[in-house]
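Structural overview for review
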Amino acid sequence: MRLIKNYRFRTGTKIAFSELPQIVHQFMDEQGLTSTRFLYCFKDYGVEEGESKKSACEKILKDCPSLGEIHVCKSDSRMGYDTRWLSNVDTNESFPEERILPLMKKIHRHYGFASSLLRYFDMDFFNHRICLELDDSRERKRCEAKGIVFDPSMCEDIDVYGSGISLYRDVSGYATLTLSVDLLHNGEVLDPTSYYEAMNALLPKIKSEEFLTLRLTDEERVQIAKTNEQAMPMIEECRAFFKERFYDEKKQNFLPCNYSVANPLKKLAKRYGYSYRFVYQGIYSLEKRTARGAILQIGVEAGPSRYSLGARVSLHGVGFEHSLGVSGKAVQTQEEADALLEQIFKIVDEFEATLLPSLDALFPPTPDWFTIFV
């Protein structure tokens, strides 16, 4: 099992993308860290057929030919534009960073990439280096869905898991610096707070969010798949419980609406023993630990005021996430919203007292460090 804590700083336009590598090096120097793997991925969507101007990939290759060959993926989902990219992620071979650093201002402002991604990985946090892992399963599934032969050298998107720092920017100006730290060492979960605080000090007034990434071994995946299969009859019984009791009619509400959900949810969370979490605009998460440590979640979505107020009940643990029930209704007033939320929590409370203990018992204990990211 591999447990990675991620801190994503939304740098946006507050810090120029070209200045982020300097911050990375300052962080490593101050913390006594080294990185042994530098990866890049530059992507654009080509040019229209017949145009004489060069693509972003062609422009940077003129300045740095050692970046390799341009990969092209034909796509009909972008109005006829081909996806073009330069990357060393598929080879997993580190690239000399000093060849790219002089080009950072051009990468930021001149070449015109749709997205740019730089990774400083295999960092030795806690004086221990754990090499990164590559996962091309998304690309394999994409090829399978399209009925084409999978070619590792033509993977447009490969997921990378490991310890290090990722720098990302897209054409819209959205940019992030993500600090990723492996936590599990010799069976012990270590505390990465000092690394976060050090990076946070270098990025003053930059908002951040944190989440965990869990990577199971092949043996662990086989075992949890077996457990999930054995639990399926009970899961279906739980789903039938909610389907019978929940009101679920998601539709657009064409009449004027005026209600809020934050305060009612806080009161309900306190009454029924849930922790309340505001995720982002219109999205809320209410969470409670089961007797064996799994997380029972009530996810509430209050979309644009003319749409349904919805909730989803689910159970989460190491290697599993099972949706159990969905409720939704196009309410118009605060009274209707309050009544719907009250009804949802009463039904979930009934579920906790009847079926949840049997479902919970089918899964191994969930460790205290486990959290869910919405």
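These remarks concern the structure in this document.

Rules of the game
- Residues numbered from 1 in each chain as written.
- Predicted model: local features only at pLDDT ≥ 70, side-chain atom pairs only at ≥ 80, totals over all residues.
- Heavy atoms only, no water.
- Pairing = 2+ DSSP bridges.
- Helix = DSSP H or I, 4+ residues; strand = E, 2+ residues; numbered from the N terminus.
- Axes fitted to C-alpha atoms, helices over the stretch in contact; angles between N-to-C directions.
- Contact = heavy atoms within 4.5 Å.
- Phe/Tyr/Trp six-rings, centres within 6.5 Å; stacked < 30°, edge-to-face > 60°.
- Buried < 20%, exposed > 50% of the residue type's maximum accessible area, 1.4 Å probe, protein only.
- Lys NZ or Arg CZ within 6 Å of the ring centre and 35° of its normal.
- 1 Å grid on protein atoms, 1.4 Å probe; cavity = no way out; pocket = protein on both sides within 12 Å on 5 of 7 lines; lining within 4 Å.
- Points joined across faces, edges and corners; volume = space filled by probe spheres on them.
- Nonpolar A, V, L, I, M, F, W, Y, C, P; charged D, E, K, R; others polar.

With respect to the sheet that holds strand β17 (residues 320–329)
Sheet strands line up and pair through hydrogen bonds in the backbone, either parallel or antiparallel. Pairing in this open sheet of five strands is antiparallel, and the strands run β13-β14-β15-β16-β17 from one edge to the other. Lying at the two open borders of the sheet, with one neighbouring strand each, are β13 (275–280) and β17. Between one strand axis and the next, the sheet turns through 20 degrees on average, direction left out of account. Sheet analysis places β13 next to strand β14 (residues 283–289), joined by five bridges and oriented antiparallel. Bridge pairing links F278 to Y284 in β14. In the packing of helix α6 (residues 218–245) onto the sheet, the strands contacted are β16 (309–317) and β17, and the crossing angle to β17 comes to about 15 degrees.

What about the packing of aromatic side chains?
The tally for this structure, following the rule as stated, stands at 19 aromatic pairs. Where F241 meets F242, the ring centres are 5.1 Å apart and the plane angle is 90 degrees; that geometry is what we call edge-to-face. For the pair F241 and F242, a shared accessibility class is recorded, and that class is buried. Joined through ring pairs, the aromatic side chains of Y40, F42, F95, Y111 and F113 make up one cluster. In this structure, R99 packs its charged tip against the face of F95, placed 5.6 Å from the ring centre.

Observations concerning unusual backbone geometry
Its identity as a non-glycine residue notwithstanding, N186 has a phi of 55 degrees, on the positive side. Here the phi dihedral of K205 falls at roughly 65 degrees; this positive angle occurs in a residue that is not glycine. Along the chain, K205 turns up in the loop between α5 (193–202) and β12 (208–215). Exposure remark for K205: the relative accessible area of 80% places this residue in the exposed category.

Considerations on the environment of F363
By the element assignment, F363 lies in the segment after α9 (356–360). Between the C-alpha atom of F363 and that of L286, which follows or precedes it by 77 residues, the distance is 21 Å. Excluding residues that lie within four positions of it along the chain, F363 makes contacts with T227, N228, A231, I235, R292, L315, F320 and H322.

Thoughts on the side chain of R215
For R215, the position within the fold is in strand β12. Sequence-distant contacts of R215, that is, excluding residues within four places in its chain, are made with M1, R2, E133, D135, Y161, E220 and R221.

A short note on the layout of surface pockets
Put simply, the second largest pocket is a space of about 810 Å³. For the second largest pocket, the lining is made up of 34 residues, of which L117, R119, I158, D159 and Y168 are closest to its centre. When residues of the lining of the second largest pocket are traced back to their parent elements, those giving at least two are β1 (2–9), β2 (35–44), β4 (83–87), β5 (115–123), β7 (159–161), β8 (164–170), β9 (175–182) and β12. Per-element accounting of the lining of the second largest pocket gives the leading share, four residues, to β5. A breakdown of the residues in the lining of the second largest pocket according to their chemical character gives 16 nonpolar, nine polar and nine charged.

Regarding the pairing of β8
In terms of burial, β8 is largely enclosed, as five of its seven residues are buried. Here β5 pairs with β8 via seven bridges, running antiparallel. Of the residues in β8, the one forming a bridge with S115 is D170. Looking at chain direction, β8 and β9 are connected through six bridges and run antiparallel. Bridged to R169 within β9 is A175. A loop of four residues connects β8 with β9, the two strands running antiparallel in sequence, and G173 in this loop sits at a positive phi of about 100 degrees.

Without other data, these values stay purely geometric and don't point to any function.
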